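These are the residues of each chain, in order.
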Amino acid sequence: MSGCKAKSGPAVAATPFDKNYTGPVIVDPLTRIEGHLKIEVEVENGKVSNVWSSAQLFRGLEIILKGRDPRDAQHFTQRSCGVCTYVHALASTRAVDNAVGADKELPDNARIIRNLVMASQYLHDHIVHFYHLHALDWVDVVSALQADPVKAAAIANGQSNRVTKAEDLKAVQVKLKAFVESGQLGIFTNAYFLGGHDAYYLKPEENLIATAHYLEGLHLQVKAARAMAVFGAKNPHTQFTIVGGVTCYESLSKERIQEFKDLYNETLAFVADCYIPDLLMVASYYKDWAGIGGTKNFLSFGEFPEKETDINSRYIPQGVIMNRDLGNVMDFNPDAIKEDIKHSWYKGESSLHPYEGETDPQYTTYEDRDRYSWMKAPRYKGESMEVGPLAHVLTAYAKGHKDFVPVVNHVLDTLGVGPEALFSTLGRTAARGIETLVVGNKMADWVNNLEDNIASGNTDLAVDIEMPDEAEGVGFVGAPRGALSHWIKIKGGKIENFQLVVPSTWNLGPRCNQNKMSAVEEALMGTPIADPKRPVEILRTVHSYDPCIACGVHVIDAHTNEVHKFKIL
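Residues numbered from 1 in each chain as written. Predicted model: local features only at pLDDT ≥ 70, side-chain atom pairs only at ≥ 80, totals over all residues. Heavy atoms only, no water.

An unreviewed UniProt entry lists the protein under the name Periplasmic [NiFe] hydrogenase large subunit, from Maridesulfovibrio hydrothermalis AM13 = DSM 14728. Under the Subcellular location (unreviewed entry) heading, UniProt states for the protein: "Periplasm". According to the UniProt record, the Sequence similarities (unreviewed entry) comment for the protein reads "Belongs to the [NiFe]/[NiFeSe] hydrogenase large subunit family." (UniProt positions renumbered as here; feature names shortened; annotations may be inferred.)

A.B. asks: Can you lay out the environment of leucine 268 for me, pointing to particular residues and giving the numbers?
C.D. replies: By the secondary structure assignment, leucine 268 is in helix α8 (residues 254–285). Relative accessible area serves as the criterion here: at 12%, leucine 268 is assigned to the buried category. With 107 residues separating them in the primary sequence, leucine 268 and methionine 375 have C-alpha atoms 35 Å apart. Apart from residues no more than four positions distant in its own chain, leucine 268 is found in contact with Leu437, Gly440 and Asn441. (Helix = DSSP H or I, 4+ residues; strand = E, 2+ residues; numbered from the N terminus. Buried < 20%, exposed > 50% of the residue type's maximum accessible area, 1.4 Å probe, protein only. Contact = heavy atoms within 4.5 Å.)

A.B. asks: Let's hear about the packing of helix α6 (residues 166–181) against helix α7 (residues 204–232): which residues, and what values?
C.D. replies: Where α6 meets α7, the axes come as close as 10 Å, and the angle between the chain directions of the two elements is 80 degrees. The orientation of α6 relative to α7 falls into the category roughly perpendicular. For the pair α6 and α7, contact is made by Leu169, Val172, Gln173 and Lys175 and by Leu208, Thr211, Ala212 and Leu215, respectively. Class assignment for the residues of the contact of α6 with α7 results in five nonpolar, two polar and one charged. (Axes fitted to C-alpha atoms, helices over the stretch in contact; angles between N-to-C directions. Parallel < 35°, antiparallel > 145°, perpendicular 65-115°, else oblique. Nonpolar A, V, L, I, M, F, W, Y, C, P; charged D, E, K, R; others polar.)

A.B. asks: I'd love a proper account of the packing of aromatic side chains, names of residues and values included.
C.D. replies: The tally for this structure, following the rule as stated, stands at 25 aromatic pairs. On the numbers, 4.7 Å between centres and 40 degrees between planes, the contact of phenylalanine 301 with phenylalanine 332 is tilted. You can see phenylalanine 301 sitting in the loop between β6 (298–300) and β7 (319–321) and its partner phenylalanine 332 sitting in the loop between β7 and β8 (337–340), a full 31 residues away along the chain. Given a relative accessible area of 10%, phenylalanine 332 falls into the buried group. The structure contains a cluster of three or more aromatic residues connected by ring pairs, namely Phe301, Phe332, Tyr355, Tyr380, Phe476 and Trp487. The ring centre of tryptophan 52 lies 3.9 Å from the NZ or CZ of arginine 369, which sits over that ring. Note that lysine 376 overlies the ring of tyrosine 346, its terminal NZ or CZ placed 5.6 Å from the centroid. (Phe/Tyr/Trp six-rings, centres within 6.5 Å; stacked < 30°, edge-to-face > 60°. Lys NZ or Arg CZ within 6 Å of the ring centre and 35° of its normal.)

A.B. asks: Quick rundown of the UniProt feature "binding site: Fe cation" (unreviewed entry) in the protein? Include the residues and the values.
C.D. replies: Here, the residues flagged by UniProt with the feature "binding site: Fe cation" (unreviewed entry) are Cys551. With respect to the secondary-structure elements, cysteine 551 resides in helix α15 (residues 549–552). Residue classification places cysteine 551 among the buried positions, given a relative accessible area of 4%.

A.B. asks: Before we move on, could you go through the UniProt feature "binding site: Mg(2+)" (unreviewed entry) in the protein and cite the residues and values that matter?
C.D. replies: When the UniProt feature table is mapped onto this chain, "binding site: Mg(2+)" (unreviewed entry) is found at Glu62, Leu500 and His554. Secondary-structure assignment places glutamate 62 in helix α1 (residues 61–65). Since its relative accessible area comes to 2%, glutamate 62 is described here as buried. Among all residues touching glutamate 62, those that are not within four sequence positions of it are Thr359, Phe498, Gln499 and Leu500.

A.B. asks: Break down the sheet that holds strand β13 (residues 494–501) for me, citing the residues and quoting the values.
C.D. replies: Taken in spatial order, the three strands make up an open sheet running β11-β12-β13, and their pairing is antiparallel. Because the sheet does not close on itself, it has two edges, and the strands there are β11 (470–479) and β13. The sheet shows a mean angle of 15 degrees between the axes of neighbouring strands, direction not considered. Two elements, β11 and strand β12 (residues 482–491), share 10 bridges in a ladder whose sense is antiparallel. Opposite glycine 478, over in β12, you have alanine 483 as the bridge partner. With respect to the sheet, helix α3 (residues 85–100) is in contact with β11, β12 and β13, its orientation differing from that of β11 by roughly 145 degrees. (Pairing = 2+ DSSP bridges.)

A.B. asks: Which residues make up the nonpolar core, and what values do they have?
C.D. replies: By size, the foremost hydrophobic cluster in this structure holds 124 residues, and its most contacted members are Ile113, Leu116, Phe260 and Phe304. Looking at which element gives the most residues to this core, the answer is α8, with 15 residues. Once you skip the residues sitting within four places of it in the chain, phenylalanine 260 turns out to touch Leu116, Ser120, Ala227, Val230, Phe231, Met443 and Val447. By size, the runner-up hydrophobic cluster in this structure holds 23 residues, among which are Leu30, Val41, Ile529 and Val542. (Core = buried A, V, L, I, M, F, W, Y, C linked by side-chain atoms within 4.5 Å.)

Here's what the structure looks like:
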């Protein structure tokens, strides 16, 4: 972090700053994300004028998978990350399903259970992101010590159906005070910029409410993870998906299904009573961020199919929005994807469709601004695309989705802003909460469908498949972080080529062969920086994408296996 490495102990007051600062700002490592990311910007007269998003560690999964049984792909790919592991298992399984034709015969129960586990992943991922990865960009935890618990309880009770007691908020203050007086901020130690920064707007009472729910969320997110394990056998790294279906026969009992319902209902109650009210509370103070951090183009694969082979049957719809034109949502075309490497640490300057993708690493230097990332640069019809919750919500909203439209309108009306506010860092953060609530509410229908099937005697979960000598297939997943695709070529019954195009590669990759910026680079352009020594504004926009660099890159030093240390510039 440029000039502001995190320290233990109480936060200190802000130092004087120059609002017209011109010069570089480097954030490395950028924390509260999965993986290792460097963001380097140039600031001119207090605003970002150039950006480089650099993934710092190499991923070698495409190389590792060559020559293996296609059915084993999911067990490797879901080790990309310890948080959103199921999305990779599903993408790999769908890819092989598609290659061998199993998607045409997938049992209805398997489709429903895959949907339920993915919906649980949404609940888990988005709660963790909002409270534990992103909230500290907006919430000043130390300020909560100055709050009046009685006033804070009144505010909380006014924005939620849930009853909040002043004595419970006081207990949070006592716990927080103990952290501070011990000379450490405990779980908040590595959160930057707490205390006295002009870019934080919440009052002490609102900070106390958010801090209380931050702590509660640490326990609550476990419920969603356990719900995934009811069908998935374990979490992380679920073990229930197979080519042609799922294997969780023991989870079809009334007791196990009731356990699942209890877990997701408790999680959903937290979303409705805490997450959404907190989101609206924070957003009401930061409406200036409705004009910061926007991009132009959006891509959604959709998710939660009613028919496995029909992408148009997905509950979250597929679609492409160009130049923010909500009146013209185009159908997604898989043939329009290519990955560029001109500015990545790979050999050559190819621009290839994923079926023909190559992964041939060639590192230059840490300071290189020409080739500066281990991520490739995916493009759709040559354009940079934003993927993720905002792309999902915009596509659903533009298509008039009966469940998304009223929730989006409620958020916009509550904040007193129009749809144009969605094209921003604030809109991106709000979209994540919106889709959490909508998807969570839909889960009841899927559980009911599963119970009806079981009651009618339908307990089929999988079909037998034969591995062909040669085939190719793709698995499209609308993951919580966005458009995920796994592409497989099979030859001799083994994996000949495998390519992963992940959400964070779309959002946080480098420039492409035409020198067009990635989504995050575009979003950071023009961002005002109040204090270049503590550039929280950079963190807000980058964190709004929920980066998972671990999905795009992996650590390896083939010569020494050492853990490397980096100097914070």
